[in-house]
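Here is what each chain is made of, one letter per residue.
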Amino acid sequence: MKASRYIVGAITLASLLTLGADHAVAQQSQPTEESKKLPAGSAAERKARMAARANQAAYTKKFDLSGLPHYVPEGRPTGTLRIAGNNYVGDAPLGGWWKEAFEKIQPGIKIEYYLPSAAIAIPRLYFDLADIGINHEPSFYDSLGHLRLKGYEPVGFSVFTGSYDYVGWQNNIVIIVNKDNPIMKITMTQLDGVFGSVRDGGWVGTTWHPEFSRGPERDIRRWGQLGLSGDWADKPISVHGYSLRYATAIEFSNRVLQASDKWNGDLRTYANYRRPDGTTYLEADQIYDHVRKDPYAIGYARYHEGFPKDIKILAVAKDDNGPYVEYNIDTLQNRTYPLWGDQSFWVSVKPGTKMDPKVREFIRFVLSREGQELVQKDGKYLPLTAEVVREDLEKLR
C-alpha cells in the first residue's frame, strides 16, 4: 500500500482528525526519527520506518510443515540469479536466509537482490533486468507490458501467504460491519452484489471474458437483501473501501468483482493521509472509524494489530454452499478463508521452452520444507501448505 498525500472521498481534514482522535493510532507504519530525515515515500524512508519491525516476528505459532518435500537438487547450474521486487523480503531477514541456505547447497549460483519495491518486479522482468520478480498478482499494465515486449504473460508461483496482522507484509482483507448489525456472515457472491455493479465482463490477466457479465438484478443495496428483517430490511447499505488506485482495491476486485472495475457507485474510498504532525492515518483505520460510527456500514479493510473491539468481522463463504469461514491465522494459512492473499515469484518463460535451470532450482528450494521453514522462522509471512506446494511444483514439470 503506497503512501499518498491525498485522500479519495468526501472527507475534510477536520473530520479526519476528529475520527482519528476516537481511534488509537496504528503504530505499525508511523514515522521514526530516522525515517523523518529521508524523502517521504522513498524506498529508503520506508526501510528506515520499518527497520525495527522488519527484524521482529509477528507470530510464534509453528505450523506443521512435515508434508512439504525436502529440497534435493535436480541439477548444478551456475551463474548469477537476479531477483527483484518486494522490499519486505529484503528488509526482513528472510531474503538473506534464503540466499545463505541456497548458496550453500548450490555454490555455483550467486543470488543478487534488488528489492526497493514490488512495483518494479514485472518491469525488471520484461526489460531483462531480473530472472525472478517478487510481487502480488501483476497489474493489468504489468501483464500487458510483458506481453507487448515478450509476446507472452509472466508465470507466477505462490511462495508464501500474506501476514495475519502485520502491516506491510501483506496483512489480509476482512469484511467488517458495525457491532450493532445482526449480520454474521456473507458469501463472495453477496460481496459482489454489495460492492460491485452491472458489468459486461471481466479480466483474467490481459484477456477479456464477456461471460463474467452480470445484470442489475444481482445488485445488493439494502440490508433486507442480505436476510436482515424488521427495521433493518429497508435500510440502505453504506459501502466503504480503498482508493481504486491502490493494489488492495485491485486485489479485492480480482477476487470479488471478476476484475471488472465496476464498483457500487456509492462506494466511499480512502487513502493513507499524512497528518500535520507527520503521523499517518492509515486507510484501514479510516474505514474502521467510519464503520464503527455507522450501524448501516460495511467495509473491506486489511486487518492489523490493534483492531477495534467494537467492530464485527464477518465469516466469508467462497460460494453459496458454504462453509462460512472465520478469519484467523489458521484459516488464513491453510487458505480456507476465501480472501487470502499471497506473494509470488514471477518469471518469464516462453511457452514451449524450458525455464532457466537457476530459476527452477531456486523456486524448488523456496517451495521446499527448508525454504518454508525460513518463512516461518522469519515470522511475518505465513508458510505454504503441502497442497499449495504440490500445485506449484506441478507447474514446474
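Everything numeric in this text was worked out from a predicted model, so none of it was measured. (Residues numbered from 1 in each chain as written. Predicted model: local features only at pLDDT ≥ 70, side-chain atom pairs only at ≥ 80, totals over all residues. Heavy atoms only, no water.)

Visitor: Tell me about the sheet that holds strand β2 (residues 109-114), and name the residues and values.
Guide: Spatially, β2-β1-β3-β16-β4 is the arrangement adopted by the 5 strands of the open sheet, whose pairing is mixed. For this open sheet the edge positions go to β2 and β4 (155-161), each flanked by a neighbour on one side alone. Each strand of the sheet is rotated relative to its neighbour by a mean of 25 degrees, with strand direction disregarded. Two strands pair when backbone bridges link them, and strand β1 (residues 79-85) and β2 are joined in this way by 6 bridges, in the parallel orientation. By the bridge assignment, isoleucine 83 is partnered in β2 with tyrosine 113. Together, β2, β4 and β16 (342-347) form the strand contacts of helix α4 (residues 94-105), whose direction differs from that of β2 by roughly 170 degrees. (Pairing = 2+ DSSP bridges. Helix = DSSP H or I, 4+ residues; strand = E, 2+ residues; numbered from the N terminus. Axes fitted to C-alpha atoms, helices over the stretch in contact; angles between N-to-C directions. Contact = heavy atoms within 4.5 Å.)

Visitor: Hey, could you go over the pairing of strand β13 (residues 297-302) for me, with residue numbers and the actual values?
Guide: With 6 of its 6 residues buried, β13 lies for the most part within the structure. What you see with β13 is no split at all: Ala297, Gly299 and Ala301 on one side and Ile298, Tyr300 and Arg302 on the other are buried throughout. Judged from the 5 bridges that link them, strand β5 (residues 173-178) and β13 form a sheet pairing that is antiparallel. Looking at the pairing, isoleucine 176 lines up with glycine 299 of β13. (Buried < 20%, exposed > 50% of the residue type's maximum accessible area, 1.4 Å probe, protein only.)

Visitor: Can you lay out the pairing of strand β9 (residues 238-242) for me, pointing to particular residues and giving the numbers?
Guide: Along β9, 5 of the 5 residues are buried, which leaves the element largely enclosed by surrounding structure. Of the pairings in the sheet, the one linking β9 to β13 comprises 3 bridges and is parallel in character. Note that in β13 the partner of valine 239 across the bridge is isoleucine 298. In the sheet, β9 pairs with strand β10 (residues 268-270) via 3 bridges, with the strands oriented parallel. Looking at the pairing, histidine 240 lines up with arginine 268 of β10.

Visitor: I'd like to hear about the packing of aromatic side chains, residue by residue, with values.
Guide: Applying the stated criterion across every chain yields a total of 31 aromatic pairs. A centroid spacing of 6.4 Å and a plane angle of 55 degrees characterise the contact between tyrosine 242 and tyrosine 246, whose relative ring orientation is tilted. Owing to a relative accessible area of 0%, tyrosine 242 belongs among the buried residues under this scheme. With a relative accessible area of 7%, tyrosine 246 lands in the buried category. A ring pair is formed by tyrosine 327 and tyrosine 337, whose centres lie 5.0 Å apart and whose planes are at 70 degrees; its orientation type is edge-to-face. Remark: tyrosine 337 occurs in the loop between α10 (329-333) and β16 and tyrosine 327 occurs in the loop between β15 (315-317) and α10; sequence separation between them is 10 residues. With a relative accessible area of 8%, tyrosine 327 lands in the buried category. Since its relative accessible area comes to 0%, tyrosine 337 is described here as buried. By the ring-pair criterion, three or more aromatic residues cluster together here, those being Tyr71, Trp98, Phe102, Phe160, Phe345, Phe362, Phe365 and Tyr381. Across the ring face of tyrosine 166, the terminal group of arginine 53 is positioned such that the distance to the ring centre comes to 4.0 Å. Here lysine 377 stacks its cationic end above the ring of tryptophan 97, 4.3 Å away from the centre of that ring. (Phe/Tyr/Trp six-rings, centres within 6.5 Å; stacked < 30°, edge-to-face > 60°. Lys NZ or Arg CZ within 6 Å of the ring centre and 35° of its normal.)

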